[in-house]
Amino acid sequence: MLREILAITGKPGLFRIVTQGNRMLVVEELKTKKRFPAHSRDKVVSLGDIAMYTDSGDKPLGEILDLVYSRNEGKTIDVKKLVAEGKLREEFEAVIPDFDKERVYDNDIKKLFTWYNILVEEGMSKFAEEEPEEGEVSEDNKEAE
């Protein structure tokens, strides 16, 4: 599900792919539902491709978002309050105790919590990619058959 949600450098918020054109994507902002083109010069990243550094290796964003969702019981996070009180890292450490404190910056944590809020407000509650059970055919493989 996170594969179709995008972050675009220089643009606030998150976006969903609507369609793909010649050297561009047509995207829709999740909050406002406003559509516009994202050109090949824009740096576009799928949330499904993002991971964060931990002491035991990289942890996919979907898994982290699921842990944040569990900790907050599906409620949004008051990011401004955490920043003002200087408790951003403390809150993130409660979710991911082994995050790499040297390579994960406050801005990364703030962005993660902001994205979490947007996704929860859009009604999402499951973020990690589901692996198909052994012997089970995934949707992608069904289309190929």
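Here's what I pulled together on the structure shown here. Remember, it's a predicted structure, so these values are computed and weren't measured experimentally.

Moving on to unusual backbone geometry. Glycine aside, residues mostly have negative phi, and peptide bonds are mostly found in the trans state. Unusually for a residue other than glycine, R23 sits at a positive phi of about 60°. Relative to the helices and strands, R23 is located in the loop between β2 (15-21) and β3 (24-29). In this structure R23 comes out as exposed when scored by relative accessible area, which is 64%. One non-glycine residue, K33, adopts positive backbone phi at about 65°. For K33, the location among the structural elements is in the loop between β3 and β4 (35-39).

If you look at the biggest cluster of nonpolar residues, it comprises 31 residues, and the most contacted ones within it are L14, L47, F92, L112, F113 and L119. For this core, the secondary structure elements donating two or more residues are β1 (5-8), α1 (61-71), α2 (79-85), α3 (88-95) and α4 (106-121). Broken down by element, the residue count for this core peaks at eight residues, all from α4. Once residues within four sequence positions are removed from consideration, L47 is found in contact with L2, I5, A7, L14, L61, W115 and L119. Counting residues in hydrophobic clusters, the runner-up holds seven residues, among them I8, F15, V27 and A38.

With that out of the way, let us pick up the side chain of N117. The residue N117 is located in helix α4 in this model. Residue classification places N117 among the buried positions, given a relative accessible area of 10%. A polar atom in the side chain of N117 sits 2.7 Å from the backbone nitrogen of I77. Here N117 is in contact with T76, I77 and V79, once residues within four sequence places are set aside.

Reading the values: rules and limits
- Residues numbered from 1 in each chain as written.
- Predicted model: local features only at pLDDT ≥ 70, side-chain atom pairs only at ≥ 80, totals over all residues.
- Heavy atoms only, no water.
- Helix = DSSP H or I, 4+ residues; strand = E, 2+ residues; numbered from the N terminus.
- Buried < 20%, exposed > 50% of the residue type's maximum accessible area, 1.4 Å probe, protein only.
- Core = buried A, V, L, I, M, F, W, Y, C linked by side-chain atoms within 4.5 Å.
- Contact = heavy atoms within 4.5 Å.
- Polar contact = N/O pair within 3.5 Å; in protein donor to acceptor, adjacent residues only side chain to side chain.

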